[in-house]
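Single-letter residue listing:
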Amino acid sequence: MLRELKWESALRVIEPQITNQGRHVWPFNPSFPVDVRFFLLNRQHDIPLVRPDHLEVIYIESGEVVYESRNGQCLLRKGDIVVVGDSVSHRCRKSVGSSLKRAAVLLFLPELILDGVSGAERLKYLMPFKMGECAFPNVLAGSTATSVEVFELIQRISSELPHTSERSRLVIKSYLKMILALVANHFLNAQAISPPILDGTSVLRLEAVLKLVENRYPTALTVEEAADIAGLSRWQFMHLFKRVMGQSFISYLHHFRIGKAQDLLASTGMSLVDVSFETGFCDQSYFGLIFRRYAHMTPLGYRRRFFESRQSAASN
């Protein structure tokens, strides 16, 4: 059964989370990084363009707002959905008029649903988020049936939070995958993503590279090896990977390794030295540097925060 929606000021929640570097850092529970918020877009002033450290699906529940990135702006109306990746600096600005403006926002880290997912599925799920600002705007119109389905699924995820049971976690992951599949199918059918990026050959090339990362992440991997697996020159591979995934191959590899490190920190008592070697970092200092860059905390801080959140959930 869906809960009654509880609306809160977007400005009060988001503004304190913005770093001096213009990054929007969401305070996820490290053990299960997904959240849903229902925001009143009642800002007395506009925040600057910010780049999230997570992925977002924003559903405009009422009113009209101006969605803006560095590549332009568009007007979002009731029922519209905008998909936001972690490589896009963006904001929702006030629009003309005094009508009530509200938005439901789904926030998550992709690592939550990537375990056991094939390379092709991963590309499909994350493609709308990984196109960067070149695909502006990634908007799904409110006039479609998909928009209604997505909003209902967002509410269902909210009803399962704060995910205190294993059943709730499985249900949330299922709903999240359904949302991602609906959004991906919409953009593919609408040809919102350019055909050269999604042709069969490109998907097969990148799937082979993603499988390489999955199988070889504990060992040294280079761009040249990945390019060779893809059957492309170094330049061709780097260009294709960045266009499709919205980040460089090395950045993707770091993300993947840090995700594996987070799993080990949360599920084992392995030392930091062992975790670093197990996830492909031959130097513990370098591991700590990369971990802080992508997780916004130290490995030890992550482990401590995970166990604190688990103890808190168990006591509720």
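The following paragraphs examine the structure supplied in this document. What you are looking at is a predicted structure, and each value in this text was computed from that prediction instead of being measured.

### Section: the environment of Ala 295
Item 1. Relative to the assigned elements, Ala 295 resides in helix α12 (residues 284-295).
Item 2. Considered as a pair, Ala 295 and Gly 259 are 36 residues apart in the sequence and their alpha carbons are 8.9 Å apart.

### Focus: the nonpolar core
Item 1. In terms of nonpolar packing, the biggest core is built from 33 residues, with Val 34, Leu 106, Phe 108, Ile 154, Ile 157, Leu 176 and Ile 179 touching the most fellow members.
Item 2. Contributing elements (two or more residues each) for this core: β3 (34-40), β5 (55-62), β8 (81-84), β10 (102-108), α2 (111-114), α3 (119-130), α4 (145-160) and α5 (166-189).
Item 3. If you tally residues by element for this core, the top one is α5, at 8 residues.
Item 4. If sequence neighbours within four positions are ignored, Leu 176 has contacts with Leu 106, Phe 108, Leu 112, Ile 113 and Ile 157.
Item 5. Counting residues in each nonpolar core, the second largest holds 24 residues, with Ala 10, Trp 26, Leu 41 and Ile 58 among its members.

### Quick look at the sheet that holds strand β6 (residues 65-69)
Item 1. Reading across the sheet, the 3 strands line up as β7-β6-β9 and stay open at both edges, with antiparallel pairing between neighbours. Both outer strands of the open sheet, β7 (72-76) and β9 (90-93), are each paired with one neighbouring strand and no more. Taken pair by pair, the neighbouring strands of this sheet meet at an average axis angle of 20 degrees, ignoring direction.
Item 2. Note that β6 and β9 share 4 bridges and pair antiparallel. Residue pairing for β9: Glu 68 is matched across the bridge by Arg 91.

### Overview of the packing of aromatic side chains
In this description, a pair of aromatic rings is defined by centroid distance and the angle of the planes.
Item 1. Summed over all chains, the structure comprises 13 aromatic pairs.
Item 2. With 5.7 Å between their ring centres and 70 degrees between their planes, Phe 241 and Tyr 252 make a pair best called edge-to-face. Residue Phe 241 is located in helix α9 (residues 234-245), and its partner Tyr 252 is located in helix α10 (residues 249-267); the two are separated by 11 residues in the primary sequence. Of the two residues, Phe 241 and Tyr 252, neither departs from the other in class, the shared state being buried.
Item 3. Between the aromatic rings of Phe 291 and Tyr 302, the centroid separation amounts to 5.9 Å while the plane-to-plane angle is 75 degrees, which identifies the pairing as edge-to-face. With Phe 291 in helix α12 and Tyr 302 in helix α13 (residues 299-315), the pair connects residues that are 11 residues apart, well separated along the chain.
Item 4. Its relative accessible area of 0% is what places Phe 291 among the buried residues.
Item 5. You can call Tyr 302 buried: its relative accessible area is 6%.
Item 6. Ring pairs connect the aromatic residues Tyr 217, Phe 237, Phe 241, Phe 249, Tyr 252 and Phe 256, which therefore count as one cluster.
Item 7. Over the ring of Phe 281 we find Arg 257; its NZ or CZ atom is 5.8 Å from the centre of that ring.

### Points about α10
Item 1. Compared with the 27 Å implied by 1.5 Å per residue over 19 residues, the 27 Å span of α10 between its first and last C-alpha is a close match.
Item 2. In terms of burial, α10 is largely enclosed, as 14 of its 19 residues are buried.

### Some thoughts on the side chain of Arg 303
Item 1. Checked against the element boundaries, Arg 303 lands in helix α13.
Item 2. Look at Arg 303: it is buried, it has no salt bridge, and the nearest opposite charge is Asp 274 at 9.0 Å.
Item 3. At a separation of 3.0 Å, a polar atom in the side chain of Arg 303 contacts the main-chain carbonyl oxygen of Leu 265.
Item 4. Engagement of the side chain of Arg 303 in a polar contact is seen with the backbone oxygen of Thr 268, the distance being 3.1 Å.
Item 5. Residues within four places of Arg 303 in sequence aside, it is in contact with Leu 264, Leu 265, Thr 268, Gly 269 and Met 270.

Basis of the calculations
- Throughout, residues of each chain are indexed from 1 in the direction in which the sequence is written.
- The predicted nature of this model means local features are confined to residues of pLDDT at least 70 and side-chain atom pairs, given and counted, to a pLDDT of 80 or more, with totals for whole chains, interfaces and linings taken over all residues.
- Side-chain metrics rest on all non-hydrogen atoms present in the structure, leaving aside hydrogens and water.
- Secondary structure follows DSSP: runs of H or I at least 4 residues long count as helices, runs of E at least 2 residues long count as strands, and numbering of each begins at the N terminus.
- For the purposes of this section, nonpolar cores are sets of buried Ala, Val, Leu, Ile, Met, Phe, Trp, Tyr and Cys residues that join through side-chain atoms within 4.5 Å.
- Accessible area is worked out with a 1.4 Å probe on protein chains only. A residue is then buried under 20% of its type maximum, exposed over 50%, and partly exposed in between.
- What makes two residues a contact is simply this: any of their non-hydrogen atoms within 4.5 Å.
- In short, DSSP must find at least two bridges between two strands for them to pair.
- Helix axes are fitted only over the stretch in contact, all axes being lines through C-alpha atoms; the angle between N-to-C directions runs from 0 to 180 degrees.
- Each Phe, Tyr or Trp ring, with Trp reduced to its six-membered ring, pairs with another whose centre is within 6.5 Å; inter-plane angles below 30 degrees give stacked pairs, above 60 give edge-to-face pairs, and intermediate values give tilted ones.
- Note on geometry: a ring has a charge over it if NZ (lysine) or CZ (arginine) is within 6 Å of the ring centre and within 35 degrees of the ring normal.
- Helices are assigned an expected span. That span is 1.5 Å times one less than the residue count.
- Only four residue types enter the charge count, namely Lys and Arg as positive and Asp and Glu as negative; His and the chain termini do not.
- Salt bridge, as used here, is a side-chain nitrogen of Lys or Arg placed within 4 Å of a carboxyl oxygen of Asp or Glu.
- Polar contact is defined as a pair of N or O atoms within 3.5 Å, subject to the rule that within protein one atom must be able to donate a hydrogen and the other to accept it, and that residues adjacent in sequence are counted only when both atoms are side-chain atoms.

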